[in-house]
Amino acid sequence: MQVEGGNITLIIGPMFSGKSTYLLNYVRKLSYTGAKTVFVNHSIDNRYTSNGSICTHEQETVNAISCNTLGEKMEELEKYDIIGIDEGQFFSDLVDVSEKLCLQGKTVAVAALSGDFRMKPFPNIAELLSKANKIKLMKAFCFYCHKEAAFSLRTVKSEKKILVGSAESYKPVCRNCYYKYNQSETV
């Protein structure tokens, strides 16, 4: 088991807080050291582009491995020094794979939502919090009142836990506006 140099960075926040942009910049800076880097995104996320890339809300795109579970690409991921994972909340094996890569001396950077549209934690992200060396909390600005926003408000009727979307389905909001504008019957 090798652990020297291995670490996990968790980048969390609501929709539109710049998590993906931060992830891209973070991994790029590490690539300037000569480290081999790779990006990974869940195959469910094809909002702005086809599978095989990460695309920010500002339409900045980078090539990425697309998969349903990280484990299915483990052999490939082990070839890299730095692994940038976007939409971490969608990966059921995120904690186990991140820990295995970290123990191999890899740097794993994960961008993920801090909570779902009901202000409930994603279990894998909550667990990864206790294993992360660094946690970067991102905030957005409230769509309605322009104060700091820490929450994602779903603006379409759906009780599905996972509903991939963008500005047509979600708004960043502060706590007051979350309760003022929430349409969900389960809040």
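Computed from a prediction, not measured in an experiment: that's the story for all the values here. (Residues numbered from 1 in each chain as written. Predicted model: local features only at pLDDT ≥ 70, side-chain atom pairs only at ≥ 80, totals over all residues. Heavy atoms only, no water.)

**Considering the overall build of the chain**
Next, step 1: A count of helical and extended segments in the chain gives five helices and 12 strands.
Next, step 2: Here the chain, with 187 residues, has 48% of them falling under the buried criterion.
Next, step 3: In the chain, the share of contacts with a sequence separation of at least 24, taken over all contacts with a separation of at least 6, comes to 69%. (Helix = DSSP H or I, 4+ residues; strand = E, 2+ residues; numbered from the N terminus. Buried < 20%, exposed > 50% of the residue type's maximum accessible area, 1.4 Å probe, protein only. Contact = heavy atoms within 4.5 Å.)

**Section: helix α1 (residues 19-31)**
Next, step 1: In this model, α1 (13 residues) spans 18 Å end to end at C-alpha, consistent with the 18 Å of a helix rising 1.5 Å per residue.
Next, step 2: For α1, the set of buried residues is Lys-19, Ser-20, Leu-23, Leu-24, Tyr-26 and Val-27. On an axial view of α1, the arc spanned by its buried residues comes to 165°, and they lie on one face. (Expected span 1.5 Å × (residues − 1). Arc of directions from axis to C-beta.)

**Let's talk about the packing of aromatic side chains**
Next, step 1: Enumeration over the complete set of coordinates arrives at five aromatic pairs.
Next, step 2: Ring centres of Tyr-144 and Tyr-181 lie 3.8 Å apart, and the angle between their planes is 15°; on these two criteria the pair is classed as stacked. Of this pair, Tyr-144 sits in the loop between β9 (140-141) and β10 (148-149) while Tyr-181 is found in helix α5 (residues 175-181), placing the two residues 37 residues apart along the sequence.
Next, step 3: A relative accessible area of 28% means that Tyr-144 is categorised as partly exposed. (Phe/Tyr/Trp six-rings, centres within 6.5 Å; stacked < 30°, edge-to-face > 60°.)

**Remarks on unusual backbone geometry**
Next, step 1: One non-glycine residue, Glu-87, adopts positive backbone phi at about 55°.
Next, step 2: Residue placement: Glu-87 occurs in the loop between β6 (82-85) and α3 (94-103).
Next, step 3: Given the relative accessible area of 11%, Glu-87 is considered buried.
Next, step 4: The phi torsion at His-146 lies on the positive side, around 70°, for a residue other than glycine.
Next, step 5: Among the structural elements, His-146 can be located in the loop between β9 and β10.
Next, step 6: When its relative accessible area of 58% is taken as the criterion, His-146 is described as exposed.

**A look at the nonpolar core**
Next, step 1: By size, the foremost hydrophobic cluster in this structure holds 29 residues, and its most contacted members are Val-40, Leu-70, Leu-77, Ile-85, Leu-94 and Val-110.
Next, step 2: When residues of this core are traced back to their parent elements, those giving at least two are β1 (7-13), β2 (37-42), β5 (65-67), α2 (74-77), β6, α3, β7 (107-113) and α4 (123-129).
Next, step 3: Per-element accounting of this core gives the leading share, five residues, to α3.
Next, step 4: Contacts of Leu-77, omitting those with residues within four sequence positions, involve Val-38, Val-40, Ile-65, Leu-70, Ile-83 and Leu-101.
Next, step 5: Judged by nonpolar contacts, the second largest core, of 12 residues, contains Leu-23, Leu-24, Ala-109 and Ala-111. (Core = buried A, V, L, I, M, F, W, Y, C linked by side-chain atoms within 4.5 Å.)

**Here's the deal with the state of the cysteines**
Next, step 1: Per the stated rule, a full pass over the model turns up zero disulfides.
Next, step 2: Note on Cys-174: no disulfide assigned, nearest cysteine sulfur contributed by Cys-145 at a separation of 3.6 Å. (Disulfide = S-S within 2.5 Å.)

**What about the confidence of the model for the chain?**
Next, step 1: Residue-level pLDDT values for the chain average 86, and 81% of them are 70 or greater.
Next, step 2: Within the chain, β1 carries the highest mean pLDDT (97), whereas strand β3 (residues 53-55) carries the lowest (59). (pLDDT = per-residue confidence, 0-100.)

**Side note on the sheet that holds β1**
Next, step 1: What the six strands build is an open sheet, ordered β5-β2-β6-β7-β1-β8; its pairing is parallel. The open sheet has two free edges, formed respectively by β5 and β8 (134-137), since each of these has just one partner strand. Averaged over all neighbouring strand pairs, the angle between strand axes comes to 20°, with direction disregarded.
Next, step 2: Pairing between β2 and β6: four bridges, direction parallel. In the strand pairing of β6, Val-38 is matched with Ile-83. (Pairing = 2+ DSSP bridges. Axes fitted to C-alpha atoms, helices over the stretch in contact; angles between N-to-C directions.)

**Describing the side chain of Asp-116**
Next, step 1: Relative to the assigned elements, Asp-116 resides in the loop between β7 and α4.
Next, step 2: A relative accessible area of 7% means that Asp-116 is categorised as buried.
Next, step 3: For Asp-116, the side chain forms a polar contact with the main-chain nitrogen of Arg-118, separated by 2.8 Å. (Polar contact = N/O pair within 3.5 Å; in protein donor to acceptor, adjacent residues only side chain to side chain.)

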